[in-house]
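# Tertiary structure, described
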Amino acid sequence: MTSRICLVMTLLLGGMPGARAADLPAWDFEQGVQGWLSLDKQAELVQEKEGGHVHEGAASLRFSFGARAAQPGELPGIMGVPVQGLTSARCLHLAVQTSVAGPVVLALRETDESNYLLFAYLTADEWHVLDFPLTEFRLDEHSQDENGRLDPEQVNFIGLADPGVFLAQGNLPFFYARPNQRTLWVDEVELLEGEPDRLAAPAAAGTVMLEDCDGDPGYFMVFGGRDLRAAACDDPAVRGKSLRLDYTLPRGTLLAALRQVAAGALAGARGITFSVRSGAALPLLLLVEEDDRSRYQKVIELAPGRWQTPVITWADMTLSEDTKDPDEGIQPETIRSLGFVDASAAFGQKETANTLWLDEITTAP
């Protein structure tokens, strides 16, 4: 899926001029589209001035596209902007709104055509104001890079893509009903020299906060679920707010809440702990994925209606049967994502409905 997105970017953008290098670039769209372009020839990319679709000022960027099968040499639902001079950039800030709930992919491409991706889930008709450290963008599995890490000074393109064309193909164990039409509005895009300190300090000394779930639900990528609703919820929550997911799972499908983590964020950790609450008894599958795409898993049986705080060490986890690991064991410094999966409709082979809460994801004490 992601490799085709990156391939189209490479084919269509090779040799395009970059943005001004004097300062870190920013786009408020007050003067038009400001160099942004659509890689979808049938999409509409225009300045928006309707108040409900403007986050700040008098204008935003509107990107509208329809559902259709990808033709050779194109991919529906991709836009972006050529850039250069991002040497001091450490964080990507943007405000984004969608007409229908669903996933998006943010992409940073280096001059050597290596591509770094970050997945997010957007709820409908709400502005998501997000700050993504560049270290959370992870190398696409079909890309190669000489040093295996994102180098801001080499980034020459920022992209935003809708992956619905691939999710709708039905070869993944996630329910997805692709809309016929989707519109994205983007505003106040900036590259920042520092990373905003948005995460609360962990409650336990000697641990590292990976996600406090107090902020925008867009910091997670959620796959699957019919009638899925994602929100930050202050009751119930362990501390501050929690991530609340309401959904129905058709028989044989999964719901996965994925959190990408910054490169090296788990170096030296012996495991993770998190707080979870479920409206129904279910087997929750914790997935840990490394940079080499090896995946380790642990099934946690959840009782309904109460918070549980499992402490999972790497030794508790086993290698998933569909992956191989040349390193033979979890190397915590290489962990790229954490996944929290409701497997009840797959294990039980019947439709289920549930509410799931997540909170306070940290390294294990």
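You'll find the structure just up there.
All of the points below concern the structure found in this document.

How each quantity is defined
Residues numbered from 1 in each chain as written. Predicted model: local features only at pLDDT ≥ 70, side-chain atom pairs only at ≥ 80, totals over all residues. Heavy atoms only, no water. Buried < 20%, exposed > 50% of the residue type's maximum accessible area, 1.4 Å probe, protein only. Helix = DSSP H or I, 4+ residues; strand = E, 2+ residues; numbered from the N terminus. Pairing = 2+ DSSP bridges. Patch = residues over 30% accessible without salt bridge, like charges linked within 9 Å, V, L, I, M, F, W, Y side chains within 5 Å. Areas by Shrake-Rupley, 256 points an atom, 1.4 Å probe, with all protein chains shown as cover. Salt bridge = Lys/Arg side-chain N within 4 Å of Asp/Glu carboxyl O. Lys, Arg positive; Asp, Glu negative; His and termini not counted. Charge placed at Lys NZ, Arg CZ, Asp CG, Glu CD. Polar contact = N/O pair within 3.5 Å; in protein donor to acceptor, adjacent residues only side chain to side chain. Phe/Tyr/Trp six-rings, centres within 6.5 Å; stacked < 30°, edge-to-face > 60°. Lys NZ or Arg CZ within 6 Å of the ring centre and 35° of its normal.

Burial analysis of strand β24 (residues 352–363) places eleven of its twelve residues in the buried class, which makes it a mostly covered element. Note that strand β13 (residues 209–211) and β24 share two bridges and pair antiparallel. What sits directly across from Met-209, in β24, is Thr-362. Summarising the sheet, strand β16 (residues 242–249) and β24 pair through seven bridges and their orientation is antiparallel. Looking at the pairing, Asp-246 lines up with Thr-355 of β24.

So, on to a negative patch on the surface. A contiguous patch of negative charge on the surface is contributed by Asp-292, Asp-327, Glu-328 and Glu-333. Summarising the element assignment, Asp-292 is placed in the loop between β19 (282–290) and β20 (295–302).

Note that Thr-123 resides in the loop between β8 (115–122) and β9 (128–133). Judged by its relative accessible area of 8%, Thr-123 is buried. At a separation of 3.4 Å, a polar atom in the side chain of Thr-123 contacts the side chain of Glu-126.

Here the structure, examined in full by the defined rule, presents seven aromatic pairs. Aromatic pair Trp-27 and Trp-36: ring centres 5.7 Å apart, planes at 90°, arrangement edge-to-face. Residues Trp-27 and Trp-36 agree in their burial class; the two are buried. Measuring from centroid to centroid gives 4.9 Å for Phe-274 and Phe-340, while their planes differ by 70°, and the two rings are edge-to-face. Placement of Phe-274 in strand β18 (residues 271–278) and of Phe-340 in strand β23 (residues 335–342) is noted, with a sequence separation of 66 residues between them. In this structure, Phe-274 and Phe-340 share a single accessibility class: buried. Following the ring pairs from residue to residue traces out a cluster consisting of Trp-27, Phe-29 and Trp-36. The ring of Trp-357 has Arg-277 sitting right over it, with the charged end atom 5.2 Å from the ring centre.

Without other data, these values stay purely geometric and don't point to any function.
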